[in-house]
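Structural overview
Below, each chain spelled out in residue letters.
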Amino acid sequence: MKTIEEFKQMGNPRRNGLGFIWLMESPRVRWNFYHPELVPQKVDKYHNHQRSFISTIYKGRFCNQRAKLINGDKQVKTIDCVENNSTGFTSTVWKDNVAIEKLEIERYINGDAYSMSAKEYHRAWAEAPTITRLEVYGNENEPGLAVYDKDEEIICPIKDFRYPHDLCWDVIREVLYA
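Attention here is on the structure that accompanies the text. (Residues numbered from 1 in each chain as written. Predicted model: local features only at pLDDT ≥ 70, side-chain atom pairs only at ≥ 80, totals over all residues. Heavy atoms only, no water.)

1. Digging into the overall build of the chain
The condition that has to hold: Helix and strand definitions here come from DSSP, where helices need a minimum of 4 consecutive H or I residues and strands a minimum of 2 consecutive E residues; each element is numbered from the N-terminal end. Throughout, a contact is declared for two residues whenever any of their heavy atoms are within 4.5 Å. Note on areas: Shrake-Rupley with a 1.4 Å probe; residue coverage comes only from the protein chains shown.
Of the regular secondary structure elements, the chain holds 3 helices and 10 strands. The order of α-helices and β-strands along the chain, N terminus first, is α-β-β-β-β-β-α-β-β-β-β-β-α. Of the contacts formed within the chain by residues at least 6 apart in sequence, a portion of 79% connects residues at least 24 apart. Total accessible area on the chain is roughly 9100 Å²; 47% of this is exposed by carbon and sulfur atoms.

Shown next as structure tokens:
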């Protein structure tokens, strides 16, 4: 495991409204630090990722719940704030009349890993202070998508949940040494 000093060499951390602080080690590698106080409240939507990835759990207990789209009364909407580096936020309907069929919850501990295709939907959370390392292996460029009720307010998981960098470092330190 890296030290706090090694993590600081990666640059500035950012908060994500999905329940974690993240640091970019490289364009294809991201470290996520989950803390119980960062549990997602309003931003817990089933979503995809722009590229396929593998995530390794370095510390803690982590849950991943995949889902598949079926017919229903919801919409898949774009999350352009992610695609546009959080500089603006617009959303368009990608697919109408869908619902989520939840698949079983996958549970992981230290040393475990799971992978996700860019076209898969999921939501994820930690059950304890947790550190994961997400490595992109795909070259897809899928739009960022999430499933919403038709009249639901769209909240950007990045732009709408900023923390000052020093507060992010406090959370990283606490998770690292918990």
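2. Let's talk about the pairing of strand β9 (residues 130-136)
To keep things clear, this is the line we draw: Think of it in three bands: with a 1.4 Å probe and only protein chains considered, a residue is buried below 20% of the maximum accessible area for its type, exposed above 50%, and partly exposed in between. The pairing criterion for strands is at least two bridges between them, as found by DSSP.
Summarising burial for β9: 6 of the 7 residues are buried, a large majority. Here 6 bridges tie strand β3 (residues 29-34) to β9, and the two strands are oriented antiparallel to one another. Residue pairing across strands places F33 opposite I131, the latter belonging to β9. Inspection of the sheet shows strand β4 (residues 53-59) paired to β9 by 6 bridges, in the antiparallel sense. Opposite I54, over in β9, you have E135 as the bridge partner.

3. Details of the pattern of salt bridges
Formally: Any carboxyl oxygen of Asp or Glu within 4 Å of a side-chain nitrogen of Lys or Arg constitutes a salt bridge here.
In this structure the tally under the stated criterion is 11 salt bridges. Residues R61 and E127 are paired through a salt bridge, measuring 3.9 Å at the closest nitrogen-oxygen approach. Taken together, the positions of R61 in strand β5 (residues 61-78) and E127 in the loop between β8 (121-126) and β9 put the pair 66 residues apart, joining distant regions of the chain. Its relative accessible area of 41% is what places R61 among the partly exposed residues. With a shortest N-O distance of 3.5 Å, R173 and D170 are connected by a salt bridge. Taken together, the residues R173 and D170, both in helix α3 (residues 165-177) and 3 residues apart, mark about one turn of the helix. Residues participating in the shared-partner salt-bridge network are E25, R133 and E135.

4. A word on the nonpolar core
Nonpolar side chains tend toward joint burial in soluble globular proteins. Which entries qualify depends on this criterion: We define a nonpolar core as any set of buried Ala, Val, Leu, Ile, Met, Phe, Trp, Tyr and Cys residues linked to one another through side-chain atoms lying within 4.5 Å.
In terms of nonpolar packing, the biggest core is built from 16 residues, with F7, I21, L23, W31, F33 and I172 touching the most fellow members. Those elements that provide at least two residues to this core are α1 (4-8), β2 (20-26), β3 and α3. When sequence neighbours within four positions are dropped, the list of residues in contact with I172 reads I4, P13, I21, L23 and F33. Residues W22, Y34, F62 and V136 belong to the second largest nonpolar core, which totals 13 residues.

5. Some words on the sheet that holds β3
We count it as follows: Between the N-to-C directions of two axes lies an angle of 0 to 180 degrees, each axis being a line fitted to C-alpha atoms and, for a helix, fitted only over the stretch in contact.
Reading across from one edge, β1-β2-β3-β9-β4-β7 is the order of the 6 strands in this open sheet, with antiparallel pairing throughout. The sheet terminates laterally at β1 (14-16) and β7 (113-116), the two strands that pair on one side only. Going from strand to strand, the sheet's axes swing by 30 degrees on average, the running direction of each strand aside. Taken together, the 6 bridges between β2 and β3 define a ladder with antiparallel strand orientation. What sits directly across from F20, in β3, is Y34. In the packing of α3 onto the sheet, contacts are made with β1, β2, β3, β4 and β9, and the angle to β2 comes to roughly 90 degrees.

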